[in-house]
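Reading the structure
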Amino acid sequence: APRVFSGIQPSGGLTLGNYLGAIRRFAEMQDRGGHQTIYCMVDLHAITVWQDPAALRRNTRELAAGFIASGIDPEKSILINQSQVPEHAQLGWVLNCVARMGWMKRMTQFKDKAGKHAENASLGLFGYPALMAADILIYHATHVPVGEDQKQHLELTRDIAAKFNHDYGVDFFPMTEPVIEGAATRVMSLRDGTKKMSKSDPSDASRINMTDDADAIAKKIRKAKTDPEPLPETLEGLEGRPEARNLVNIYAALSDLTAEQAMAHVGGQQFGQFKPMLADLAVEKLSPISSEMARLMQDTAEIDRILARGAERAREIAAPILARTYEIVGMVR
Ligand code: AQP
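Keep in mind that what you see is a predicted model, and the values were worked out from it rather than measured. (Residues numbered from 1 in each chain as written. Predicted model: local features only at pLDDT ≥ 70, side-chain atom pairs only at ≥ 80, totals over all residues.)

Moving on: the overall build of the protein. Each helix and strand counted, the protein has 13 helices and five strands in total. At 20 Å, the protein has a C-alpha radius of gyration in line with the 20 Å of a compact globule built from 333 residues. Considered along the principal axes of its C-alpha atoms, the protein spans approximately 70 × 45 × 40 Å. A buried classification covers 42% of the 333 residues belonging to the protein. In the protein, the share of contacts with a sequence separation of at least 24, taken over all contacts with a separation of at least 6, comes to 77%. (Helix = DSSP H or I, 4+ residues; strand = E, 2+ residues; numbered from the N terminus. Rg over C-alpha atoms; globule rule 2.2 N^0.38 Å. Buried ≥ 20, exposed ≤ 12 C-beta atoms within 10 Å, placed from the backbone. Contact = placed C-beta atoms within 7 Å.)

Right, dumping it as structure tokens:
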């Protein structure tokens, strides 16, 4: 049966990019039915770069609240934090031994995050994609909804699965399909239309946080970088105008339209008209989520119970797959 897995790092607050590119899609896949859905706060991934322990705890719970407030139902989906399901790290070790250094070196996310000082990056950051492969393969997940930026890591997951199957002469790990859909698979920074919107961007003005209030959202959209021309009449006219294109994509995703349909509504508008409308739309869609998140955060014990229960359910799937992996590899039990 198809099984869906995806994760988000609790490495900061949620952004509009995470919401439109990932979480909202997670909720859709849950509600579509026909498959099991497993969603994860990848706390072990978060510590590949330094995290203040108190902030990590808070961000993990707040991310769980964000998932639930966005429509992830912990009864319908399995909601977990990675470190409470030890099989992720256990399979991660095996896959570290399958993945090749050369494959890892080609990962653009590592190059971006390690920057010019790769020698000072943690070993965990280098091995990040092998642990990500384990997150997926420990459930034999077949479909992984992600934003565009994760495409390369998912190709690597398939390479790792294929090498494992080949080296041990088994047909054990499935070839996972990325699911990259919708008008907002790559939401860009509000300050630079060529950079992706990111939780860890030093400029808060570059992103919309899910916890921003109506004033902050309106201000950030009003100040978003754009060129002086009005919006063109058609989608083709947005070619070479990344900032304008980004705002149209956000508008489209928030109104459940394709970018083409969105242009039929807003083509020809001046930014002075388009931006306030976009700000109103963003506030209308996001404020129910942020107020629900705030409500859920008043009872963190309940969030912790949900995650503990999720971990139990997840381990029922993961433990036999790990046991079989160890058996294939030759570990004495
Ligand atoms: N800007 C984005 N547009 C669309 N999708 C996005 N995603 C992230 N940013 C955008 C999707 O969100 C999911 C979770 O991402 P992650 O937490 O694993 O980390 P990330 O991709 O590295 O996201 P950030 O916000 O940029 O975090 P930091 O700053 O900590 O690195 C993924 O499915 C991703 O595609």
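For a regular strand, side chains alternate in direction, first toward one face of the sheet and then toward the other. The buried fraction of strand 2 (residues 36-41) amounts to five of the six residues, a majority that puts the element mostly inside the structure. Pairing of strand 1 (residues 3-8) with strand 2, which is carried by six bridges, proceeds in the parallel orientation. The partner of Gly-7 across the bridge, within strand 2, is Cys-40. The handedness of the strand 1 to strand 2 crossover, carried by helix 1 (residues 16-32), is right-handed. (Pairing = 2+ DSSP bridges. Right-handed = clockwise from strand over helix to strand, strands pointing away.)

Let us now look at the UniProt feature "short sequence motif: 'HIGH' region" (unreviewed entry) in the protein. Here the UniProt feature "short sequence motif: 'HIGH' region" (unreviewed entry) sits at residues 10-18. Summarising residues 10-18: 33% helix, 0% strand, and an end-to-end C-alpha distance of 11 Å. (UniProt positions renumbered as here; feature names shortened; annotations may be inferred.)

What follows covers the site of the ligand. In the vicinity of the ligand lie 21 residues, with Gly-17, Gly-21, Gly-147, Ser-198 and Ser-200 positioned nearest. For the shell around the ligand, the element with the most residues is helix 1, which contributes four residues. Of the residues in the shell around the ligand, the class split is five nonpolar, twelve polar and four charged. (Near = placed C-beta within 6 Å. Nonpolar A, V, L, I, M, F, W, Y, C, P; charged D, E, K, R; others polar.)

All right, on to the domain arrangement of the protein then. The accessible area lost on association of the parts is a frequent measure of interface size. Segmenting the protein into domains produces domain 1 (3-179 + 299-329) and domain 2 (204-295). On a C-alpha basis, the centroid separation for the pair domain 1 and domain 2 is 29 Å. Between domain 1 and domain 2, the residue contacts involve twelve residues of the former and ten residues of the latter. Contributing elements (two or more residues each) for the side of domain 1 that touches domain 2: helix 1 and helix 3 (53-69). Partitioned by chemical class, the residues of the side of domain 1 that touches domain 2 number six nonpolar, five polar and one charged. (Domains from an automatic or database assignment.)

The end-to-end C-alpha distance of helix 10 (residues 242-254) is 18 Å, a good match for the 18 Å that 13 residues give at a rise of 1.5 Å each. Most of helix 10 is tucked away: eleven of the 13 residues are buried. All buried positions along helix 10 are accounted for by Glu-243, Ala-244, Asn-246, Leu-247, Val-248, Asn-249, Ile-250, Tyr-251, Ala-252, Ala-253 and Leu-254. Packing partners of the buried residues in helix 10 comprise helix 1, helix 11 (259-266) and helix 12 (271-296). (Expected span 1.5 Å × (residues − 1).)

This paragraph deals with the environment of Ala-134. Take Ala-134: it is sitting in helix 7 (residues 123-137). With 37 residues separating them in the primary sequence, Ala-134 and Asp-171 have C-alpha atoms 16 Å apart. In this structure Ala-134 touches His-88, Leu-91, Gly-92 and Leu-95, once residues within four positions along its chain are discounted.

With respect to the secondary-structure elements, His-140 resides in the loop between helix 7 and strand 4 (143-145). C-alpha separation for the pair His-140 and Phe-173, spaced 33 residues apart in sequence, amounts to 6.3 Å. Filtering out sequence-adjacent residues up to four positions away, His-140 remains in contact with Arg-3, Pro-174 and Ile-321.

Let us now look at helix 8 (residues 151-167). Over its 17 residues, helix 8 runs 24 Å from end to end, which matches the ideal 24 Å to within 8%, given 1.5 Å per residue. Within helix 8 the residues assigned to the buried category are His-153, Leu-154, Thr-157, Ile-160, Ala-161 and Phe-164. On an axial view of helix 8, the arc spanned by its buried residues comes to 110°, and they lie on one face. Every exposed residue of helix 8 that faces more than 90 degrees away from the buried side is listed here: His-166 and Asp-167. Following helix 8 by one or two positions, Gly-169 has its phi on the positive side, about 60°. (Arc of directions from axis to C-beta.)

Here we take up unusual backbone geometry. Positive phi outside glycine occurs at His-140, with the angle close to 50°. One non-glycine residue, Asp-256, lies in the positive phi region at around 55°. Take Asp-256: there are 12 C-beta atoms within 10 Å of it, and that puts it in the exposed class.

Nonpolar side chains in soluble globular proteins generally cluster together in the buried interior. Ala-64, Leu-79 and Ile-250 are the most contacted members of the largest nonpolar core, which totals 90 residues. In terms of residues, this core owes the most to one element, helix 12, which gives nine residues. For Ile-250, the residues in contact, after removing those within four places along its chain, are Leu-16, Ala-184, Val-187 and Leu-278. (Core = buried A, V, L, I, M, F, W, Y, C linked by C-beta atoms within 7 Å.)

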